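Remarks on the overall topology
These are the residues of each chain, in order.
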Amino acid sequence: MLEFIISKYNFWFYVVLMMIGLFAMLAKRNLVKKLIGMNIFQTAIILFYVSIGVKKGSVHVPIIIGGHGHGVQLIHAADYLNPLPHVLMLTAIVVSIATTGVALAVMILIYNRYQTLNEDEIIHIRQARQEAGV
Amino acid sequence: MKNIILTFVILTGGFLIYGTIDMPAWGDPQSPANSYVSPRYIEQALEKTETPNIVTAVLADYRGYDTMGETTVIFTAAIACALLLRGSTVGRKESE
């Protein structure tokens, strides 16, 4: 039982982190807090993927030792961490930066139009403006 | 409303934790993610791409076109931000 917990507990932390992000996205009414929730969610996924590439034991980061032209020994795959999750998460980080930037830009426009970032207030102001025929 | 969301979130988290029971153990060198394709990349990256850093080799050589498409994503995001924020400053009313 203890062995089972030790071999799985890191995944549980990522699930908890992911659910914090999901809760923030669903329950918070402030748009910036929703965006922060989305970023926490993405961070949990990135941590999860990077942790998949871990190998226990005496392993190196995925940079070949002596790879700059002098004395490369035979390369054993078991001596290096799995590089593929790292690469995939590099792509995911780029996408998350792009979405965050565009979302913040849209929020600035929303703030300029409604003078608030609270969803309920925005809906209220919209209804009031529609009734006034603006 | 908040209670419904909390129940939903806890339920989803419970299902996800239930799903981790079938995951391979953390740091297992024989796990599926570490055993099929990745040894080939680790063993052949230096020989085929002359790049000691395997992450760089995969990103820029094996998946070079993907990375080029990624720069398109960043470029599109930058253009979108520039067009959205053209001539606007924070806190200024639209009517002004």
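Residues numbered from 1 in each chain as written. Chains lettered and ligands numbered in written order. Predicted model: local features only at pLDDT ≥ 70, side-chain atom pairs only at ≥ 80, totals over all residues.

**Details of the overall build of chain A**
Put simply, the rule reads: Helical segments are the DSSP runs of H or I of at least four residues, strand segments are the runs of E of at least two, and each set is numbered from the N terminus. Computation of the radius of gyration draws on C-alpha atoms alone. For the globule rule, the value is 2.2 Å times the number of residues to the power 0.38. We call two residues in contact when the distance between their C-beta atoms, placed using the backbone, is within 7 Å.
Counting its secondary structure elements, chain A contains four helices and zero strands. Listed N to C, the secondary structure of chain A is α-α-α-α in terms of helices and strands. Against the compact-globule benchmark of 14 Å for 134 residues, chain A has a radius of gyration of 23 Å, which places it well outside the compact range. For chain A, long-range pairs separated by at least 24 residues make up 54% of all intrachain contacts whose partners lie at least 6 apart in sequence.

**Regarding the overall build of chain B**
To be explicit about the condition: In this scheme every C-beta is placed from the backbone, and a residue whose C-beta has 20 or more other C-beta atoms within 10 Å is buried, one with 12 or fewer is exposed, and one in between is partly exposed.
Helix and strand content of chain B: five helices and zero strands. Helices and strands appear in chain B in the N-to-C order α-α-α-α-α. Taken over the C-alpha trace, chain B has a radius of gyration of 23 Å; the compact-globule value for 96 residues is 12 Å, which it surpasses by more than 25%. In terms of its C-alpha atoms, chain B occupies a principal-axis envelope of roughly 65 × 45 × 15 Å. Looking at the 96 residues of chain B, the share that counts as buried comes to 12%.

**Some details on helix α4 (residues 119–132) of chain A**
Condition: Helix span, as expected, comes to 1.5 Å for every residue beyond the first.
Under the 1.5 Å per step criterion, the end-to-end length of α4 of chain A is 20 Å for 14 residues, consistent within 8% with the ideal 20 Å. Burial analysis of α4 of chain A places just zero of its 14 residues in the buried class, a small minority of the element.

**Re the nonpolar core**
All names here are of chain A. Formally: By definition, a nonpolar core groups buried Ala, Val, Leu, Ile, Met, Phe, Trp, Tyr and Cys residues that are joined through C-beta atoms within 7 Å.
With 13 residues, the main nonpolar core has Tyr14, Met18, Met19 and Leu22 as its most contacted residues. Those elements that place two or more of their residues in this core are α1 (2–27) and α2 (31–52). Ranked by the residues each element gives to this core, the list is headed by α1, at eight residues. Ignoring any residue separated from it by four or fewer positions in sequence, one finds Tyr14 in contact with Ala44, Leu47 and Phe48.

**A word on the packing of helix α3 (residues 38–49) of chain B against helix α4 (residues 54–62) of chain B**
Residues and elements named next belong to chain B. For clarity, the cut-off: Where helices are involved, their axes are fitted lines through C-alpha atoms of the stretch in contact, as for all axes, and angles between N-to-C directions lie from 0 to 180°. When describing relative orientation, an angle under 35 degrees is termed roughly parallel and one over 145 degrees roughly antiparallel, while 65 to 115 degrees is termed roughly perpendicular and anything else oblique. Each crossing gets its handedness from the near helix: less than a right angle anticlockwise from the far helix is left-handed, clockwise is right-handed. Under the convention adopted here, Pro, Cys and the residues Ala, Val, Leu, Ile, Met, Phe, Trp and Tyr are nonpolar, Asp, Glu, Lys and Arg are charged, and Gly plus all remaining residues are polar.
Contact pair α3 / α4: the axes reach a minimum separation of 10 Å and the direction vectors enclose 65 degrees. By the criterion of interaxial angle, the relationship of α3 to α4 is roughly perpendicular. Between α3 and α4 lies a crossing whose hand is left-handed. For the pair formed by α3 and α4, the contact residues are Tyr41, Ile42, Ala45 and Thr49 on the first element and Ile54, Ala57, Val58 and Asp61 on the second. Of the residues belonging to the contact of α3 with α4, the class tally is six nonpolar, one polar and one charged.

**A look at the interface of chain B and chain A**
At the interface, 42 residues of chain B touch 49 residues of chain A. Elements with a minimum of two residues in the side of chain B that touches chain A: α1 (2–20), α2 (32–35), α3, α4 and α5 (64–84) of chain B. The element contributing the most residues to the side of chain B that touches chain A is α1 of chain B, with eight residues. Considering only residue class, the side of chain B that touches chain A consists of 27 nonpolar, eight polar and seven charged.

**Notes on α1 of chain A**
Definition in use: The angle separating two fitted axes, one through the seven residues that finish at a residue and one through the seven that start at it, defines the bend at that residue.
Under the 1.5 Å per step criterion, the end-to-end length of α1 of chain A is 35 Å for 26 residues, consistent within 8% with the ideal 38 Å. Lys8 of chain A marks the point of greatest bend in α1 of chain A, at about 50 degrees. All buried positions along α1 of chain A are accounted for by Phe11, Tyr14, Val15, Met18, Met19, Gly21, Leu22, Phe23 and Ala24 of chain A. Turning to α1 of chain A, the residues buried within the fold contact α2 of chain A together with α1 of chain B.

**A closer look at the confidence of the model for chain A**
Applied cut-off: pLDDT measures the predictor's confidence residue by residue and takes values from 0 up to 100.
Looking at chain A, the pLDDT average stands at 89 and 96% of residues meet or exceed 70. Least confident of the elements in chain A is α4 of chain A, whose mean pLDDT is 91; most confident is α2 of chain A, at 94.

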